[in-house]
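Tertiary structure, described
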Protein chains: 2
Amino acid sequence: MIKVAILGFGNVARHLYAAFSGTGEVEIVQIYNRSLGTIPLEFKTDFTSQLSEIKESDVYIIAIPDDDIKGFSEKLPFHNRLVVHTSGSVDIQILSEKNRKGVFYPLQTFSKDRDIDFINIPICVEASNTSDLKTLQKIAGCISEKTVEIISEDRRKLHLAAVFINNFTNHLYHISEDIVSENHLDFDLLKPLIIETANKIKSLSPSESQTGPAKRKDKKTIEKHLDLLNNDWYKDIYKIITKSIQQAHGKKL
Amino acid sequence: MIKVAILGFGNVARHLYAAFSGTGEVEIVQIYNRSLGTIPLEFKTDFTSQLSEIKESDVYIIAIPDDDIKGFSEKLPFHNRLVVHTSGSVDIQILSEKNRKGVFYPLQTFSKDRDIDFINIPICVEASNTSDLKTLQKIAGCISEKTVEIISEDRRKLHLAAVFINNFTNHLYHISEDIVSENHLDFDLLKPLIIETANKIKSLSPSESQTGPAKRKDKKTIEKHLDLLNNDWYKDIYKIITKSIQQAHGKKL
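Scoring rules and cut-offs
- Residues numbered from 1 in each chain as written.
- Chains lettered and ligands numbered in written order.
- Predicted model: local features only at pLDDT ≥ 70, side-chain atom pairs only at ≥ 80, totals over all residues.
- Heavy atoms only, no water.
- Helix = DSSP H or I, 4+ residues; strand = E, 2+ residues; numbered from the N terminus.
- Buried < 20%, exposed > 50% of the residue type's maximum accessible area, 1.4 Å probe, protein only.
- Contact = heavy atoms within 4.5 Å.
- Areas by Shrake-Rupley, 256 points an atom, 1.4 Å probe, with all protein chains shown as cover.
- Lys, Arg positive; Asp, Glu negative; His and termini not counted.
- Charge placed at Lys NZ, Arg CZ, Asp CG, Glu CD.
- Pairing = 2+ DSSP bridges.
- Axes fitted to C-alpha atoms, helices over the stretch in contact; angles between N-to-C directions.
- Domains from an automatic or database assignment.
- Buried area = accessible area lost by both parts, 1.4 Å probe.
- Salt bridge = Lys/Arg side-chain N within 4 Å of Asp/Glu carboxyl O.
- 1 Å grid on protein atoms, 1.4 Å probe; cavity = no way out; pocket = protein on both sides within 12 Å on 5 of 7 lines; lining within 4 Å.
- Points joined across faces, edges and corners; volume = space filled by probe spheres on them.
- Nonpolar A, V, L, I, M, F, W, Y, C, P; charged D, E, K, R; others polar.
- Least-squares fit on C-alpha atoms with pLDDT ≥ 70 in both.
- Phe/Tyr/Trp six-rings, centres within 6.5 Å; stacked < 30°, edge-to-face > 60°.
- Arc of directions from axis to C-beta.

Turning next to the overall build of chain A. Helix and strand counts for chain A come out as 8 helices and 8 strands. If you line up chain A on its principal axes, its C-alpha atoms span 65 × 40 × 35 Å. Residues counted as buried form 57% of the 253 residues belonging to chain A. The contacts of chain A with a sequence gap of at least 6 include a subset with a gap of at least 24, amounting to 53%. Here chain A displays about 11100 Å² of accessible surface, and carbon together with sulfur accounts for 46% of that area. Here chain A contributes 33 positively and 34 negatively charged side chains, and the mean placements of these two sets differ by 5 Å.

Rendered as structure tokens:
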């Protein structure tokens, strides 16, 4: 059994905890959180809010906000152990020098109330030596079928792409909800379209899937749409994405 | 049996044809297309490329490009029959006065090579009299569980929202693919994130789902991301959506 301690108890930490708990090869020896208030009463795993009480483990997974990782890793009261963070945008080098460094980044969006099946989630691992890399690959392999070694520089780019795909796409959903609810229409009408738009990428590249007034340079519809938008931010987003689509597909027209 | 003729044979027409063919209550009496070249040889339904040969039907469904609907409806060589179009953005009034007007708009994205299950696709119907509306609701009800009466003004807004959700979201996928492939990373790594981002809307509103550097006003990450983007269009899209997210979530911070 590989012993793992999870440091932090936010969304990522909880999902990792749930995923590892179902495997026979990883033992979660402890959870650390700076406050015990968030730990459910019925919790069976040992937990602590004292840095000095953190138990010996093979891997320490820091799952806390990006800005806190550096300072937190410096406060850990032990040396030469494998300490990893779970962030997409933070360099491995930010971790304190006193321990062996690594990254364990599950490329997914986690919410409090949604169960996630880890089996298809790519886990991007990185470590400063081969033996630690193998350990991370091993524990990743217990919960996911897609473990990839990704260096910090590439992970940053993946994270940037993930921001477009998750954060920005979600904001487009938000805009759509605004447009329909302002007009007392039901957002549920648009949900099958959201799902199919996403599912299409399984069989078609985004470039092949592109349709709509921007791609076909349908000025009349574009003008009508801009007239319908009251919010200036939404108007700007409409204009700039329309231009970018025309730019990207211009050669093919 | 309600007799339906489909006028046009593009993506929407083909998908409607396939959907209606599976029902016992609608009979596709004929397909019209201005060229016969696109009709598969093994096709069993009667088809014609001559306007003068169009058969008598209860409903004529025009499924051709938006800009061609007006002129085409004027050329139909019959009077006082129910003629509908399938467009999200075209007003019902654009149809020629010589026939009874209607709209039959399936709110979904259709591709040539992807089968679609109509059962969950909202079908937005509109007609200029109650009896025609009932006919459209009846044929819609044969293929979908979600038939809604939507007037042209509201349909235009649904279509605008659909452009954000489908066309614009797909362009964000395109940008992400560009970012990763430029760096020789595998776009497949991002696909589970695309699917989960979409699936989340089943249980959480887009506003509740919003996360990321823009929402938490993480200037450091935003700066790093802008540095990583080489394409000026993508940079502008990043900036404007980031500002719009901050605008939308500003009150709650």
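Here we take up the sheet that holds strand β1 (residues 2-7) of chain A. Each strand in a sheet pairs with another by means of backbone hydrogen bonds, the pair being arranged parallel or else antiparallel. All names here are of chain A. Spatially, β3-β2-β1-β4-β5-β6-β7-β8 is the arrangement adopted by the 8 strands of the open sheet, whose pairing is mixed. The open sheet has two free edges, formed respectively by β3 (47-48) and β8 (147-149), since each of these has just one partner strand. Bridge count for strand β2 (residues 26-32) against β3 is 2 bridges, and the pairing is parallel. In the strand pairing of β3, tyrosine 32 is matched with threonine 48. Lying on the sheet, helix α4 (residues 152-182) is in contact with β5 (82-85), β6 (100-106) and β7 (123-127); it crosses β6 at an angle near 25°.

This paragraph deals with the domain arrangement of chain A. Residues and elements named next belong to chain A. Here the domain parsing of chain A yields domain 1 (2-150) and domain 2 (155-252). Between the C-alpha centres of domain 1 and domain 2 there is a distance of 35 Å. Regarding the contact of domain 1 and domain 2, the summed buried area is about 790 Å², with carbon and sulfur atoms giving 56% of it. Here domain 1 and domain 2 share 2 salt bridges between them. The partner of arginine 155 in a salt bridge is glutamate 126, and the shortest N-O contact between them spans 2.9 Å.

So, on to the layout of surface pockets. Its volume calculated, the largest pocket comes out at about 1300 Å³. Sorting the residues of the lining of the largest pocket by element identifies α6 (206-209) of chain A together with α1 (11-21), α2 (66-75), β6 (100-106) and α4 (152-182) of chain B as the ones contributing at least two each. When residues in the lining of the largest pocket are grouped by element, the largest group, 6 residues, is from α2(B). The residue makeup of the lining of the largest pocket, split by class, is 18 nonpolar, 19 polar and 10 charged. Approximately 1000 Å³ is the volume attributed to the second largest pocket.

Mapping between the two copies of the chain is achieved by a rotation about an axis and a shift along the axis. With an RMSD of 0.0 Å, the operation that places chain A on chain B is a rotation of 180° combined with a shift of 0.0 Å along the axis. In the structure described here, the two chain copies are related by an operation that fits a two-fold rotation axis. Considering only C-alpha atoms, the residue of chain A closest to the rotation axis is A:Thr169, which sits at 2.8 Å.

This brings us to the packing of aromatic side chains. Under the counting rule described, the total for this entry stands at 14 aromatic pairs over all chains. Ring geometry for B:Phe20 and B:Phe104: centres 6.0 Å apart, planes at 40°, overall tilted. In this pair, B:Phe20 is assigned in helix α1 and B:Phe104 in strand β6, connecting sequence segments 84 residues apart. Ring pairs connect the aromatic residues A:Phe164, A:Phe168 and B:Tyr238, which therefore count as one cluster.

What follows deals with helix α2 (residues 66-75) of chain A. Residue and element names in this part refer to chain A. For α2, the full list of buried residues reads Ile69, Phe72 and Ser73. Down the axis of α2, the sector holding all buried residues measures 100°, keeping them to one side. Of the exposed residues in α2, those oriented more than 90 degrees away from the buried face are Asp67 and Lys75. If you follow the buried residues of α2, they end up packed against β1, β2, β4 (59-62) and β5.

Quick look at the pairing of strand β4 (residues 59-62) of chain B now. Along a regular strand, successive side chains alternate from one face of the sheet to the other. All names here are of chain B. Every second residue of β4 is oriented toward a common face, with Val59 and Ile61 on one face and Tyr60 and Ile62 on the other, all of them buried. The sheet contact formed by strand β1 (residues 2-7) and β4 spans 4 bridges and is parallel. When the sheet's bridge partners are listed, isoleucine 6 is paired in β4 with isoleucine 61. Examined bridge by bridge, β4 and strand β5 (residues 82-85) share 4 bridges and lie parallel to one another. Following the sheet pairing, valine 59 is matched in β5 by leucine 82.

To continue, consider the interface of chain A and chain B. Across the contact, 88 residues belong to chain A and 88 residues belong to chain B. The contact between chain A and chain B buries some 8800 Å² in all, and 69% of this surface belongs to carbon and sulfur atoms. One can count 6 salt bridges joining chain A with chain B. Listed by contribution, the elements that provide at least two residues to the side of chain A that touches chain B are α2, α4, α5 (191-199), α6, α7 (219-228) and α8 (232-249) of chain A. Ranked by residue count, the leading element in the side of chain A that touches chain B is α4(A), at 25 residues. When grouped by side-chain class, the residues that make up the side of chain A that touches chain B number 42 nonpolar, 29 polar and 17 charged.

All names here are of chain B. Counting buried residues along strand β7 (residues 123-127), 5 of its 5 residues qualify, which places the element largely inside the surrounding structure. Across the two faces of β7 the burial is the same, with Ile123, Val125 and Ala127 and Cys124 and Glu126 all buried. Where β6 meets β7, 5 bridges bridge the pair, whose relative direction is antiparallel. Residue tyrosine 105 lies in a different strand from β7, and its bridge partner there is cysteine 124. Here β7 runs beside strand β8 (residues 147-149); their pairing, made up of 3 bridges, is parallel. When the sheet's bridge partners are listed, valine 125 is paired in β8 with glutamate 149.

So, on to the side chain of B:His15. Residue and element names in this part refer to chain B. Secondary-structure assignment places histidine 15 in helix α1. Relative accessible area serves as the criterion here: at 10%, histidine 15 is assigned to the buried category. Not counting the four nearest positions on each side in its chain, histidine 15 is found in contact with Phe110, Ser111, Arg114, Asp115, Ile116 and Phe118.

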